[in-house]
Protein chains: 2
Amino acid sequence: MTGFAIIGHLARTDGSFPLNDLPGSGGRMDVLCRCVNASLFLSHDLRRDTECFLVLCGPPSPVPKTVLFSGSSVRSLSPDERSAGALIKKALDIPCGSEFRDAAPGVSVRKGGLERLAADRTCAVLDEKGTDIRGAGELPDMVVLSDHLNFTDAEEEVLRDCPRFSVGPACLHADQAITVLLNESDRRKCGWK
Amino acid sequence: MTGFAIIGHLARTDGSFPLNDLPGSGGRMDVLCRCVNASLFLSHDLRRDTECFLVLCGPPSPVPKTVLFSGSSVRSLSPDERSAGALIKKALDIPCGSEFRDAAPGVSVRKGGLERLAADRTCAVLDEKGTDIRGAGELPDMVVLSDHLNFTDAEEEVLRDCPRFSVGPACLHADQAITVLLNESDRRKCGWK
């Protein structure tokens, strides 16, 4: 199982944002939609062994929420940003507690953010100064990425002891980094260099 | 200079499609928008040395049109699909002839499709059976990709003698393949393995 978690620092925690304005009203929800698609889509297929956790930290909820897209069971997802956005809205429109609750096939939501996730799973972080993924002995099981903003000091503290990896010399968007990581993973699984 | 050309087999050749329905009314214009963004965006920066050609083959124009995004001069482009879509609409809303005409900074349009492009530039093609890009002596200058549909027989004929490259064992979306290609290019430029 491969997982990605993306921190949406300003991303809405209710479903009130219009699909026509994911970047503005959604709190850069467009970034998170692209990460869902980079994590789960192959050409004419889905990555059934991959999970994508969206950690939404914006208003109006006083605590973060996490929306989980599971490649194993997701349906009705198309690769355009609005499609993922519509499923995120659906997840945010239902009441939720501290355990994942299904909102649609393969899409679930719970209260809690990075701290909870890092307690449940062994995480790694992308960092320009980290180990080049091509030279890494083993690829990480779960990678935490940030949206258009840097990790906060509190997030850095949670992630302090995580191993750090780099995908290359250029500073990429989170969804692009996911694509490069998955390419490295695909190559290893198939015995490519 | 690195260039990508993406064939949009059903993509509208006028600006009448609504930004709220890029996949349907736009003829999978969402695919092309993602390719523009994969070609030109870095985190908080643009790839100023990269060009992205969108070859639009859908209705209503009797001949294809090509919209060119030039990283060197494009402005007012955000990484969400709607933003690229709005600039494509703008380009398709002006009359054009057989030479590129500016529609917005860094965005221009002309009549003509793949045949014209392949006559102007040395092209390469992505192919699962092609040379692995990691082992390629030199990376191609211009790569032609298809949208969600395969190349037509006529397109395959135009591209018949082009060198063929593969980005990995998994069959990816065009925008994902562009991201992997650019990662390989970034690594070579910076002396990474």
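Anything mentioned here points back to the structure above.
A. Here's a closer look at the relation of the copies chain A and chain B. Rotating chain A by 180 degrees and translating it 0.0 Å along the rotation axis places it on chain B, where the RMSD comes to 0.0 Å. The two molecules are tied by a two-fold rotation axis, judged by turn and shift. When each C-alpha of chain A is compared by its distance to the rotation axis, Val180 of chain A comes out closest, at 2.9 Å. Mapped onto chain B, 100% of the interface residues of chain A are again interface residues, and the two copies thus contact each other with one and the same surface.

B. The arrangement of the interface of chain A and chain B in detail. Tallying the contact residues gives 38 residues for chain A and 38 residues for chain B. Across the interface of chain A and chain B, roughly 3400 Å² is buried in total on both sides, 54% from carbon and sulfur atoms. The salt bridge involving Glu184 of chain B is made with Arg134 of chain A; its shortest N-O contact spans 2.6 Å. If you look at where chain A meets chain B, you find 21 residue pairs in polar contact (both at pLDDT 80 or more). Broken down by secondary-structure element, the contributors of at least two residues to the side of chain A that touches chain B are helix H1 (29–40), strand E2 (41–42), helix H2 (81–92) and helix H5 (174–189) of chain A. The dominant element in the side of chain A that touches chain B, judged by the number of residues it contributes, is H5 of chain A, at seven residues. Counted by class, the side of chain A that touches chain B contains 14 nonpolar, 11 polar and 13 charged residues.

C. A look at the pattern of salt bridges. Residue and element names in this part refer to chain A. Inspection of every chain in the model, using the stated rule, returns 36 salt bridges over all chains. Note that Asp141 is salt-bridged to Arg121, the shortest N-O span being 3.6 Å. Of the two residues, Asp141 sits in the loop between strand E8 (124–132) and strand E9 (142–146) while Arg121 sits in the loop between helix H3 (114–120) and E8, which places them 20 residues apart along the sequence. Overall, the relative accessible area of 37% leaves Asp141 in the partly exposed class. Arg121 gets classed as partly exposed once you look at its relative accessible area, which sits at 22%.

D. Spatial organisation of unusual backbone geometry. Residues and elements named next belong to chain A. The omega torsion of the bond from Pro59 to Pro60 falls at 5 degrees, within 30 degrees of zero and hence cis. Within the fold, Pro60 resides in the loop between strand E4 (50–56) and strand E5 (65–70). Positive phi is not limited to glycine here, since His44 has a value of about 60 degrees. Within the fold, His44 resides in the loop between E2 and strand E3 (45–46). Looking at His44, the relative accessible area reads 67%, which means it is exposed.

Calculation rules
- Residues numbered from 1 in each chain as written.
- Chains lettered and ligands numbered in written order.
- Predicted model: local features only at pLDDT ≥ 70, side-chain atom pairs only at ≥ 80, totals over all residues.
- Heavy atoms only, no water.
- Least-squares fit on C-alpha atoms with pLDDT ≥ 70 in both.
- Contact = heavy atoms within 4.5 Å.
- Buried area = accessible area lost by both parts, 1.4 Å probe.
- Salt bridge = Lys/Arg side-chain N within 4 Å of Asp/Glu carboxyl O.
- Polar contact = N/O pair within 3.5 Å; in protein donor to acceptor, adjacent residues only side chain to side chain.
- Helix = DSSP H or I, 4+ residues; strand = E, 2+ residues; numbered from the N terminus.
- Nonpolar A, V, L, I, M, F, W, Y, C, P; charged D, E, K, R; others polar.
- Buried < 20%, exposed > 50% of the residue type's maximum accessible area, 1.4 Å probe, protein only.

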